[in-house]
Amino acid sequence: MARIIEIENLSKDYEKGFWKKRKIRALEDLSLSVDEGQIFGFLGGNGAGKTTTIKLLMGLIFPTSGTAKILGKDISDISMHAKIGYCPETPYFYDYLKAVELMDYFGELFGLDSEKRRQKTDELLTKVGLEKMHWNTQLRKFSKGMLQRVGLAQALINDPKVVFLDEPMSGLDPIGRREIRELIAGLRENGTTVFMSSHILSDIEALCDNVAILRDGKLVETGNLHDLLSQSGEARSFEINLKNVSVQDLEQEVSKIIGAELISKPNGANVHVIDEKDVEKILHLSKQHGGQLVSVQPTKQSLEELFVAETK
Ligand SMILES: Nc1ncnc2c1ncn2[C@@H]1O[C@H](COP(=O)(O)OP(=O)(O)OP(=O)(O)O)[C@@H](O)[C@H]1O
Ligand SMILES: [Mg+2]
């Protein structure tokens, strides 16, 4: 499998203050790689260094030290830009352009002829779900969600092999998020590699194959999302859902089980236990009080729990 992105010991200091004396280390010694065909999730709290990394990769700012390659080419080699797409964090385009004009402009930058530009504009604005009645509206009248959609469409105009999306879901309502989520999943099906940052962990969980978590400019975790969640899933627990039994019936016995938790539910109770052996005990106990079993579910650690643990 081909390596699409290779980052080696990348660091970035921003210079601040009047004499640029003060340095802020926004990224420290980042090394990671992304394989072809993946959706790679780049996570971290506010100010962790996600946008800095993406801007470095896009050649918009320059590294203090370290190197990175995209599609085998050094990031200083702009010829590779013909094969990549980029949607910035808060897409800001020339306000007085209409959506179709913006697409045309980017199409021209990539050397598409006018017929091809028109065809790609139609295809992509439809794909990102921008309503046709807004295609000829000036961008200054667009909502945040609409700008985000145009930003995505623009990033895809050259049929890129890899796209870099900085917070592609921000500003979208739940329906919009679902549409864009499906669009990103569709990119993978067409063999496009996606590198995306997001704050919305459920989107990352639903979409990404591999992830990296940044904290204060440093990489704290990277790997296959499923492996990361099950590795740290040693603290797995079981959720037992019971009906026709009350918390009061179970309270006394359950309090003797280490790590067990009781939650009241309408017409029943939920019990969390850590040890699988305790599931039997709870079922027995519930039966004694006339309770019935609804379900038993192993609960895996969620990405949110992992994220909170890693970014603390
Ligand atoms: N142009 C700049 N000049 C000085 N410091 C900057 C600049 N851009 C970013 N920083 C600092 O670098 C650090 C990393 O910022 P960055 O924007 O990369 O974080 P982020 O992970 O994208 O955060 P967010 O989730 O809020 O978008 C922060 O401490 C930020 O204040
Ligand atoms: Mg950012």
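Within each chain, residues carry numbers counting from 1 in the order of the written sequence. Labels follow written order: the first chain is A, the first ligand is 1, and so on. Residues qualify for local features only when their pLDDT is at least 70, as the model is predicted, and side-chain atom pairs are given and counted only at 80 or more; totals for whole chains, interfaces and linings, by contrast, use all residues.

Quick word on the overall build of the protein
In this text, helices come from DSSP runs of H or I with a minimum length of four residues, and strands from runs of E with a minimum of two, each type numbered from the N-terminal end. Summing up its helical and strand segments, the protein has 10 helices and 14 strands in all. Against the globule reference of 20 Å for 312 residues, the protein gives a C-alpha radius of gyration of 25 Å, more extended than a compact globule. Across its three principal directions, the C-alpha atoms of the protein cover 75 × 50 × 45 Å. Here the protein, with 312 residues, has 34% of them falling under the buried criterion. Contact between residues is assigned whenever the C-beta positions, reconstructed from backbone atoms, fall within 7 Å. Counting only contacts in the protein whose residues sit at least 6 apart along the sequence, the fraction spanning at least 24 positions is 69%. C-alpha atoms define the radius of gyration, and 2.2 Å times the number of residues to the power 0.38 defines the globule rule. Once C-beta atoms are placed from the backbone, each residue is buried if 20 or more other C-beta atoms lie within 10 Å of its own, exposed if 12 or fewer, and partly exposed for counts between those two.

Notes on the domain arrangement of the protein
As used throughout, domain bounds are those supplied by an automatic or database domain assignment. Domain boundaries assigned for the protein yield domain 1 (3–231) and domain 2 (236–300). For domain 1 versus domain 2, the distance between C-alpha centres works out to 45 Å.

Structural notes on the environment of G111
Secondary-structure assignment places G111 in the loop between α2 (99–109) and α3 (114–127). Here G111 falls in the exposed class, since 10 other C-beta atoms lie within 10 Å of it. Measuring from C-alpha to C-alpha, the distance between G111 and G145 comes to 28 Å, with 34 residues separating the pair along the chain.

Things to note about the site of ligand 1
The full set close to ligand 1 counts 13 residues, and Y14, A26, K50, T51 and T52 are the nearest of them. With three residues, helix α1 (residues 50–57) is the largest single contributor of residues to the shell around ligand 1. All residues other than Ala, Val, Leu, Ile, Met, Phe, Trp, Tyr, Cys, Pro, Asp, Glu, Lys and Arg, Gly among them, are scored as polar; the first ten of these are nonpolar and the last four charged. Across the shell around ligand 1, the residue classes break down as four nonpolar, six polar and three charged. Using a C-beta atom placed from the backbone, a residue is described as near a molecule or strand when that atom lies within 6 Å of it.

So, the sheet that holds strand β11 (residues 237–243)
Spatially, the four strands line up as an open sheet ordered β12-β13-β11-β14, and their pairing is antiparallel. Each edge of the open sheet carries a strand with a single partner, namely β12 (261–265) and β14 (292–299). Here the strands of the sheet are splayed against their neighbours by 20 degrees on average, with no regard to which way each runs. Examined bridge by bridge, β11 and β14 share seven bridges and lie antiparallel to one another. The residue bridging F238 from the neighbouring strand is P298, located in β14. In short, DSSP must find at least two bridges between two strands for them to pair. Axis definition: a line fitted to C-alpha atoms, limited for helices to the stretch in contact. Angles are taken between N-to-C directions and run from 0 to 180 degrees.

Details of the pairing of strand β13 (residues 268–273)
Judged by which residues are buried, β13 turns out to be one-sided: A269, V271 and V273 face inward and are buried, whereas G268, N270 and H272, on the alternate face, are not. Strand direction decides the pairing type here: β11 and β13, joined by six bridges, are antiparallel. If you follow I240 over to β13, its bridge partner there is V271. Examined bridge by bridge, β12 and β13 share five bridges and lie antiparallel to one another. Note that in β13 the partner of L262 across the bridge is V271. Counting the residues between successive antiparallel strands, the hairpin from β12 to β13 contains two residues, one of them, N267, with a positive phi of roughly 60 degrees.

Considering the packing of α2 against helix α4 (residues 144–155)
Between α2 and α4, the least distance of the axes is 10 Å, while the angle of their chain directions is 25 degrees. One finds that α2 runs roughly parallel with respect to α4. Classified by chirality, the crossing of α4 by α2 is right-handed. For the pair α2 and α4, the contacting residues are A99, L102, M103 and F106 in the first and V150, A153 and Q154 in the second. An angle below 35 degrees is read as roughly parallel, one above 145 as roughly antiparallel, one from 65 to 115 as roughly perpendicular, and any other as oblique. For any pair of crossing helices, the crossing counts as left-handed if the nearer helix is rotated counterclockwise from the farther one by less than a right angle, and right-handed if it is rotated clockwise.

Regarding unusual backbone geometry
With a phi angle near 50 degrees, N9 is a residue other than glycine that sits in the positive phi range. Along the polypeptide, N9 turns up in strand β1 (residues 3–16). With a phi close to 55 degrees, E167 is a non-glycine residue in the positive phi region. When you line up the elements, E167 lands in the loop between β7 (162–166) and α5 (174–189). Take E167: there are 20 C-beta atoms within 10 Å of it, and that puts it in the buried class.

Points about the sheet that holds strand β10 (residues 218–224)
One open sheet accounts for six strands, arranged β6-β7-β8-β3-β9-β10; its pairing is mixed. Edge strands, defined here as strands with exactly one partner in the open sheet, are β6 (84–87) and β10. This sheet shows a mean twist of 15 degrees between the axes of neighbouring strands, independent of strand direction. Where β7 lies against strand β8 (residues 193–197), five bridges are found, and the strand directions are parallel. Bridged to D166 within β8 is S197. Here α5 sits on the sheet in contact with β3 (39–44), β7 and β8, set at roughly 150 degrees to β8.

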